[in-house]
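Descriptive analysis of the structure
Spelled out from the first residue to the last, the chains are:
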Amino acid sequence: MTQSKDTIKKSYKQLSREERGQIQSLYEDHYSIRAIAKRLARDPSTISREIKRGTVTQMSSYGVYTQRYFADSGQIQYEQRRLNCHRKSLLEHNPEFFNQLTTALKAKFRVHSVDSFVGAYKRHHPAEYCPATPTVYRYIDRGLLAVANIDLPQQVKRHQKHRTGRVRQNKKILGTSIEQRPVAANDRSEFGHWEGDLVKGKRTSDQPALLTLTERMTRYEVVIRIPNYQAETCKAAVQQFVNKLDAEVVKSLTFDNGAEFSALSEVTGTNLYFAHPYTPSERGSNEQLNGLLREFIPKGQSITSFSDDHIKQATAALNQRPRKLFGYKSANEFMAEQLLA
């Protein structure tokens with residue numbers, strides 16, 4: 001025969017001032033702890049702890065020390081402990097985390113985003129408690145930190161994009177289509193496949209520009225200043241990049257169909273592919289890093305305004321940023337592993 005038990009969960013309530021008065025009265029009348037617990041419908045351990053908490057030592061006029069439970073004493077102890085039992089604010093819990101976060105996010109050549117800092121901090125301080133990324137963003141929104149959303153360009157510029165519905169005309173593919181690119185390049189399972197584009201300042205062809213190249217597996221970024229973005233200049237810069245590196249390091253390059261890349265099919269020593277027209281998502285890693293580079297090279301400003309050292313430090317900041325995708329290792333670390341493999 002199957003036996004069943006009631007599994008009603010009892011909810012615990014703190015002793016009230018009135019219950020403490022009853023405990024004092026019954027205890028002075030020499031009731032046992034179990035008898036008092038039964039009268040109050042409480043657990044004996046609750047009564048035992050309360051009596052220990054509220055017992056004070058007194059000295060009689062004859063110099064004799066005695067111990068006695070007082071309800072008022074127990075109530076005072078309870079109220080004092082309640083004042084100290086609230087959870088510590090995360091700002092109080094780990095102030096060093098927030099100090100380092102503020103310094104990192106306000107650096108001139110900012111390596112970290114909020115998420116990369118949180119992930120890297122957890123990686124290097126596994127024993128310490130630190131808040132999650134959404135918590136940090138809430139603190140920033142509430143003005144609790146010395147960092148504001150204006151210090152985080154990607155946070156400020158996020159908004160929903162509205163499509164105009166305008167249909168663009170077809171554009172000719174300048175060379176071998178991305179459809180012919182190897183599967184290992186598409187799924188990022190093989191090192192050595194790059195994608196590229198230009199970052200422009202003032203949009204006139206005689207102005208200098210930045211040729212940006214991103215390795216697809218490691219997301220390692222190379223930025224090359226070029227004197228203008230005419231087709232022959234871009235071809236020469238890409239050819240020089242290919243010639244500098246081993247064939248195993250540059251197995252393929254993928255570009256869009258901009259007029260500045262119309263001569264790239266003449267580049268030798270590697271395989272060139274061209275994305276479908278108006279499909280920047282096919283070069284998503286390069287597009288994302290170009291967006292991050294704009295924090296250091298804003299749109300509308302001529303590239304001549306920025307020194308080679310400025311561009312070098314901006315590139316280094318991107319490559320040093322820990323990435324959630326890689327377990328918060330940086331592109332530098334991942335690239336080094338591939339080169340040593």
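Definitions and cut-offs
- Within any chain, residue numbers begin from 1 and follow the written order of that chain's sequence.
- Per-residue local features of the predicted model are confined to residues with pLDDT of at least 70, and side-chain atom pairs are confined, for both listing and counting, to 80 or more; whole-chain, interface and lining totals are unaffected and use all residues.
- Excluded from the side-chain calculations are hydrogens and water; all other atoms, namely the structure's heavy atoms, are used.
- Secondary structure elements are defined from DSSP: runs of H or I of at least 4 residues count as helices, runs of E of at least 2 residues count as strands, and each element is numbered from the N terminus.
- Relative accessibility decides the category of a residue: with a 1.4 Å probe and only protein chains considered, values under 20% of the type maximum give buried, values over 50% give exposed, and everything between is partly exposed.
- The contact definition used throughout considers only heavy atoms, calling two residues in contact when any of these lie within 4.5 Å.
- For every accessible area listed, the method is Shrake-Rupley and the probe measures 1.4 Å; residues are considered covered only by the protein chains on display.
- Across the chain, each position has a pLDDT score giving the predictor's confidence in that residue, from 0 to 100.
- Only Phe, Tyr and Trp rings take part, Trp by its six-membered ring, and two of them pair if their centres are within 6.5 Å. Stacked means planes under 30 degrees apart, edge-to-face means over 60, and tilted covers everything else.
- With axes taken as lines fitted to C-alpha atoms, and helix axes fitted only over the stretch in contact, angles between N-to-C directions fall between 0 and 180 degrees.
- In what follows, roughly perpendicular refers to angles from 65 to 115 degrees, roughly parallel to angles under 35, roughly antiparallel to angles over 145, and oblique to any angle outside these ranges.
- We count Lys and Arg on the positive side and Asp and Glu on the negative side, and we leave His and both chain ends out.
- The salt bridge criterion pairs a side-chain nitrogen of Lys or Arg with a carboxyl oxygen of Asp or Glu, the two atoms within 4 Å.
- The term polar contact refers here to a pair of N or O atoms within 3.5 Å; inside protein, the definition further demands a hydrogen-donor-capable atom paired with an acceptor-capable atom, and it admits residues adjacent in sequence only when both atoms are side-chain atoms.
- Strands are treated as partners if at least two bridges between them are detected by DSSP.

Re the overall build of the chain
Of regular secondary structure, the chain possesses 14 helices and nine strands. Taking all 341 residues of the chain together, 42% fall into the buried category. Across the chain, the fraction of contacts at a sequence separation of at least 24, relative to all contacts at a separation of at least 6, is 60%. For the chain, the accessible surface area stands at approximately 20,900 Å², while carbon and sulfur atoms represent 50% of it.

Regarding unusual backbone geometry
Residue alanine 41 is not a glycine yet carries a positive backbone phi of 55°. Note on placement: alanine 41 falls in the loop between α2 (33-40) and α3 (44-54). Of note, the phi angle at arginine 188 is positive, near 60°, even though the residue is not glycine. Structurally, arginine 188 can be placed in the loop between α10 (183-186) and β3 (193-200).

A closer look at the confidence of the model for the chain
In the predicted model, the chain carries a mean pLDDT of 87, and 89% of its residues have values of at least 70. When the elements of the chain are averaged for pLDDT, helix α9 (residues 153-156) gives the smallest value, 62, and strand β4 (residues 209-215) the largest, 97.

Looking at the packing of aromatic side chains
Within this structure, the stated rule accounts for nine aromatic pairs. Ring centres 5.2 Å apart and planes at 75° place the aromatic pair tryptophan 194 and phenylalanine 241 in the edge-to-face group. Taken together, the positions of tryptophan 194 in strand β3 and phenylalanine 241 in helix α11 (residues 231-244) put the pair 47 residues apart, joining distant regions of the chain. This pair shows no difference in class: tryptophan 194 is buried, exactly as phenylalanine 241 is. Here the aromatic residues Phe97, Phe98, Phe117, Tyr121 and Tyr139 are joined through ring pairs into a cluster of three or more.

Describing the packing of α3 against helix α4 (residues 71-84)
Where α3 contacts α4, the axes come no closer than 8 Å and their chain directions differ by 95°. On the basis of their axis angle, the class for α3 and α4 is roughly perpendicular. Side by side, α3 and α4 meet where Glu50, Arg53 and Gly54 of the first sit next to Ser73, Gly74, Gln77 and Arg81 of the second.

Overview of the side chain of glutamate 221
Relative to the assigned elements, glutamate 221 resides in strand β5 (residues 221-226). Of the side chains with opposite charge, arginine 323 comes closest to the buried, unpaired glutamate 221, at an N-O distance of 7.1 Å. Setting aside residues no more than four positions away along its own chain, glutamate 221 makes contact with Thr212, Leu213, Thr214, Asn286, Leu289, Asn290, Thr315 and Asn319.

Re the side chain of lysine 200
The topology assignment puts lysine 200 in strand β3. Lysine 200 gets classed as buried once you look at its relative accessible area, which sits at 12%. At 3.5 Å, the side chain of lysine 200 forms a polar contact with the side chain of glutamate 260. Leave out the neighbours within four places in its chain, and lysine 200 touches Ala209, Tyr229, Glu260, Arg294 and Ile303.

Description of the pattern of salt bridges
Scanning all chains against the criterion turns up 17 salt bridges. As a salt-bridge pair, glutamate 248 and lysine 251 come within 3.6 Å of each other at their nearest N and O atoms. For arginine 283, the salt bridge is made with glutamate 287, and the minimal N-O distance between the two is 2.7 Å. Looking at arginine 283, the relative accessible area reads 1%, which means it is buried. The exposure class assigned to glutamate 287 is partly exposed, which follows from its relative accessible area of 31%. Each of Arg20, Glu50 and Arg53 takes part in a single network of salt bridges with overlapping partners.

Some thoughts on the pairing of strand β2 (residues 65-69)
With five bridges joining them, strand β1 (residues 55-59) and β2 adopt antiparallel strand pairing. Considered in β2, the bridge of threonine 57 is made with glutamine 67. Hairpin connection from β1 to β2: five residues lie between these consecutive antiparallel strands, with glycine 63 at a positive phi of about 80°.

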